[in-house]
Structure formats: structure tokens, C-alpha cells
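Now for the letters of each chain:
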Amino acid sequence: MTATSPTRVGFIGLGNMGAGMSRNLQKAGFALVVHDIRRESAAELIAGGAVWAETPAETAAQSDVVITMLPTPRHVDTVVNSKTGILAGIADGGTWVDMSTSVPEVAQRVRVEQAARGLHILDAPVSGMAVGAANGMLQIFVGGETDDVERLRPVFEAMGDPDRILHVGPAGSGYAVKLMINQLWFSHLVATAEVLSIGVKAGVDLGVLRNSLIASPANSNFVQHDVLSILTEGDYDEGFAIALACKDLGLSIDLARSVGVPAELSSLVEQIYRRARAQYGDHAGEMTPVKLYEDLIGVDLRLEKVLT
Ligand code: NAD
């Protein structure tokens, strides 16, 4: 293992999040090796000097650290363990950082099965939506060894807000923190949709209702900030597909099951999300459950202007 910070970064998964993250690594001066099953997603990066790799194995072989930003644990498993996967190319003592919202099982299996190779494996999932990925202001929750986290800090700082790059514990902790954040945020979203719908049907003006909530102990970041894109523009955030939101909710309930904690509320929120996905399709935005309520009451929750 090199004790110095990596300069050649391999990046696999150039989608809504990975596109912005890899662009910011390039801007920060890291030499990039990139791969995706959609080669066209790399065009801009290649024009900026990135090297294209045909497989995850080739990506890993040419990099000091390889990063994955993939939809689900199944995709991570394929990219790591297939015949042309990361493990087929990474040097002994090499570093793999999974920034996907996922679960520890894939990495844990690698640690056990490849123990002799001295690999450094970290989980570092993110919050901040596609916009945070594009402007390099992601929040990053890192699980892993302290030395690895410090060595990789310049890489994380190229993608995230330096004040919100948190080392949250040993390997696996990053995944758990991220899943709990999403679980709570999705719960806030469903609760807010329900409350706004009931209040509006009861005859209260939407702006007055929201301002009253903001001024009350029931205020939340979702009521104050995140719901505004719907209330002002009818934007349900297609930058994060509801299919992936449902994946996160499922993983979070699996986690609850595996640690033996009941997840009654989370399960209900998951069902409401699945209903919205069935109704509006896999690519609908993560905030589409609000639309479920709007359609139920026959009112679009929209503000003419934001009252202060
Ligand atoms: P996305 O579907 O837009 O991008 C995933 C990328 O992975 C795509 O470009 C796809 O072609 C590529 N890919 C899939 N299988 C592959 C394979 N076998 N080999 C190589 N490339 C492959 O997803 P996203 O929105 O960028 O999300 C990525 C991860 O980040 C997910 O785990 C998601 O839950 C998480 N996340 C997303 C957001 C968001 O707002 N979009 C926010 C925080 C976290």
C-alpha cells in the first residue's frame, strides 16, 4: 500500500450522481480512469482527459483507488466479483471505496474471501442529491479504518463539503448512517404530504399552513426547505428515481430486521413509496409520494408565492 494520497482515481458508475462526482475529481486534478455500462456517459470526462476502461478490472488495475457509485448491492456485487470485476484487476494492498447507498455484505464477503490480499475497503455513501454531486458539496459518511479515511480525504474533499465529510465508524457504518438518514427523510416526506393534504382539505390556505408548521415545534427541514421544489415548481426531483428510493427503504428495513428492531413506521412508509412507484413508474422522482396525496384530494399543492 502506498502511504501517500492517491492521484489516479478509477470511477465506476457515471449516472446522476457519479457524473458530477467524477467531474469534480477531474477538476481537482486527479487523473481519472472511468467505466460504465453506458459508454456514452463518459464522453465529457474523456474529452477532459480521462482514460476509458473496458471493464471494472481494467479500471482497478490502472488506479490507486477505485470508487463505485452504482444503483444497488446487486450491481456492486457484479462490478466487484464478476470475471472482469474489480477483484480481477486490483493490486494486492489496493483500495476500493463504495459510495453507493448499499449494505455491508458484498464488502464483508470480499474481506473474508480475499483476506490474504491486504485490500483496503471503505464504504462512503453520500447525501446531497444530484445537485450536490454536481457542485461538489456532498455530505459523505465514511465507514473504515482511520488511516484510510485520512489518506483518502483529498479525494473525498474533491466531491464533498469538507465540513461534512464524517468518519462515522468502522467499515459498514457509513452504509447504516446513510440508510437511516434516507429512512427518516422519506418518513418526513410522507408525513408532510399527509398533513398538508388534510389541512388544505380542511380549508386552510397552503401557505398559511406551511408557515404555521415552520413556526411550530413540528417544523422540519423537509417542511421548511425540501418540499418547496414541489410547492413552487411541481418538481418531484427526478434526479433520484423512486425505484432507487424504494431500494433504500427495502435495505433499511432489512437492516432493522437483521438487528432485531421493529420497523413498523418504516414499513408503512415503504408501502406508500411502492404504491407511488407502481402508479407513476420507476423513473418518477423520489418525492412523487406527495403526488399520490395530491391526486387523492384532487388538489395540486402549489404556492403562488412563498409567504414569509
Ligand atoms: P443512476 O442509476 O443514475 O447511475 C448508476 C450508474 O451505474 C449508471 O450510469 C449505470 O449505467 C451504471 N451501472 C449500472 N450497472 C453497472 C455495471 N454493471 N457496470 C458499470 N456501470 C453500471 O443512479 P444514481 O442516482 O447516480 O445513484 C447511484 C447511487 O447513489 C445509488 O446507490 C443511489 O441510491 C445513491 N444516491 C443517489 C442520490 C441521488 O439523488 N440520485 C443521492 C444520494 C445517493
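Per chain, the residues get numbers from 1 upward, laid out in the order the sequence is written. Side-chain atom pairs in this predicted model are given and counted only at pLDDT of 80 or more, local residue features only at pLDDT of at least 70, and totals for whole chains, interfaces and linings cover all residues.

Chemist: Would you take a moment to explain the pairing of strand β8 (residues 138–143) for this structure?
Modeler: Two faces make up the sheet, and in a regular strand the side chains alternate between them. Residues with at least 20 neighbouring C-beta atoms inside 10 Å of their own are called buried, those with 12 or fewer are called exposed, and the rest are partly exposed, where every C-beta is derived from the backbone. What counts as a helix is a DSSP run of H or I of at least four residues, what counts as a strand is a run of E of at least two, and both are numbered from the N terminus. Of all 6 residues in β8, 5 are buried; the element is thus mostly enclosed. Crossover β8 to strand β9 (residues 160–169) through helix α7 (residues 146–159) is right-handed. Convention used here: a crossover is right-handed provided that the path from the first strand, over the helix, to the second strand proceeds clockwise when the strands point away from the viewer.

Chemist: I keep staring at the environment of leucine 206 and nothing clicks. Help me out?
Modeler: Tracing the backbone shows leucine 206 in helix α9 (residues 206–214). Counting along the chain gives 97 residues from leucine 206 to leucine 303, while the straight-line C-alpha distance between them is 7.0 Å. It is the C-beta atoms, placed from the backbone, that decide contacts: two residues are in contact if theirs lie within 7 Å. Residues contacting leucine 206, with those up to four places away along its chain left out, are Leu196, Val200, Leu301 and Leu303.

Chemist: Help me understand the site of the ligand, please; the structure alone is not making it clear to me.
Modeler: A molecule or strand has a residue near it when that residue's C-beta atom, placed from backbone coordinates, lies within 6 Å of it. Looking at the ligand, there are 28 residues lining it, with Gly15, Asn16, Met17, Thr101 and Phe240 nearest. When residues of the shell around the ligand are traced back to their parent elements, those giving at least two are α1 (16–27), α4 (73–81), β7 (126–127), α6 (129–134) and α12 (242–259). Class assignment for the residues of the shell around the ligand results in 13 nonpolar, 12 polar and 3 charged. Domain segmentation is taken from an automatic or database assignment of domains. Three or more residues apiece are contributed to the shell around the ligand by two domains, here domain 1 (8–170) and domain 2 (177–297). Here the nonpolar group is Ala, Val, Leu, Ile, Met, Phe, Trp, Tyr, Cys and Pro; Asp, Glu, Lys and Arg are the charged ones; every other residue, Gly included, is treated as polar.

Chemist: Is there a simple way to think about the environment of alanine 256 in this case?
Modeler: Relative to the helices and strands, alanine 256 resides in helix α12. It is 24 Å that separates the C-alpha atoms of alanine 256 and valine 112, two residues lying 144 residues apart in sequence. When residues no more than four places from it in sequence are discounted, the contact partners of alanine 256 are Val261, Ala263 and Ser266.

Chemist: What am I meant to see in the domain arrangement of the chain here?
Modeler: In terms of domains, the chain is made up of domain 1 (8–170) and domain 2 (177–297). Taken over C-alpha atoms, the centre of domain 1 sits 29 Å from the centre of domain 2. The interface is formed by 12 residues belonging to domain 1 together with 14 residues belonging to domain 2. Considering every element that reaches the side of domain 1 that touches domain 2, the biggest residue donor is α6, with 3 residues. Looking at side-chain class alone, the side of domain 1 that touches domain 2 contains 8 nonpolar, 4 polar and no charged residues.

Chemist: Looking at this structure, I do not really get the packing of helix α8 (residues 173–201) against helix α13 (residues 264–280). What am I missing?
Modeler: Pairs of packed helices are described in terms of their axes, by the angle between the two and the distance that separates them. Two elements in contact, α8 and α13, have axes whose closest approach is 10 Å; the angle formed by their N-to-C orientations is 65°. Overall, the two elements α8 and α13 adopt an arrangement that is roughly perpendicular. Regarding α8 and α13, the two cross each other, and that crossing is left-handed. Note on element contacts: α13 touches α8 through Leu265, Ser266, Val269, Ile272 and Tyr273, opposite Gln183, Phe186, Ser187 and Val190. Residue composition of the contact of α8 with α13, grouped by class: 6 nonpolar, 3 polar and no charged. Whenever a helix is involved, its axis is fitted only over the stretch in contact; in every case the axis is a line through C-alpha atoms, and angles between N-to-C directions fall within 0 to 180 degrees. Angles below 35 degrees are treated as roughly parallel, those above 145 as roughly antiparallel, those between 65 and 115 as roughly perpendicular, and all remaining angles as oblique. Left-handed describes a crossing whose near helix is turned anticlockwise from the far helix by less than a right angle; the clockwise case is right-handed.

Chemist: Explain the environment of proline 162 here, please?
Modeler: Looking at the secondary structure, you find proline 162 in strand β9. The class of proline 162 is exposed, set by 11 C-beta atoms lying within 10 Å. Sequence separation of proline 162 and serine 220 is 58 residues, and the distance between their C-alpha atoms is 24 Å.

Chemist: Would you mind going over α4 with me for this structure?
Modeler: Since the α-helix packs 3.6 residues into each turn, any two residues three or four apart lie on the same face. Looking at α4, one finds that the buried residues are Pro73, Val76, Val79 and Val80. Burial along α4 is one-sided: seen end-on, the buried residues are contained in an arc of 125°. Where the residues of α4 are buried, they touch β1 (8–12), α3 (56–61), β4 (65–68), β5 (95–98) and α5 (105–113). What the arc describes is the spread of directions from the helix axis to the C-beta atoms.

Chemist: What is the right way to read α13 from this model?
Modeler: Here α13 spans 25 Å end to end across 17 residues, near enough to the 24 Å set by a 1.5 Å rise per residue. Considered for burial, the residues of α13 that qualify are Ser266, Val269, Glu270, Tyr273 and Ala276. Across the axial projection of α13, the buried residues extend over an arc of 120°, all falling on one side. Opposite its buried face, α13 presents the exposed residues Glu264, Leu268, Gln271 and Ala278, each directed more than 90 degrees away. Here the buried face of α13 lies against α8, α12 and α14 (289–297). Positive phi appears at glycine 281, one or two residues downstream of α13, with a value of about 100°. What a helix should span is 1.5 Å times the count of its residues minus one.

Chemist: Sorry if this is basic, but what is going on with the pairing of strand β2 (residues 31–35) here?
Modeler: Counted residue by residue, β2 has 4 buried out of 5 residues, so it is predominantly covered. Sheet analysis places β1 next to β2, joined by 5 bridges and oriented parallel. When the bridges of β2 are listed, glycine 10 appears paired with valine 33. Between the parallel pair β1 and β2, the chain is carried across by α1, and the sense of this crossover is right-handed. In the sheet, β2 pairs with strand β3 (residues 51–52) via 2 bridges, with the strands oriented parallel. Residue pairing for β3: valine 34 is matched across the bridge by tryptophan 52. Whether two strands pair comes down to DSSP finding at least two bridges between them.

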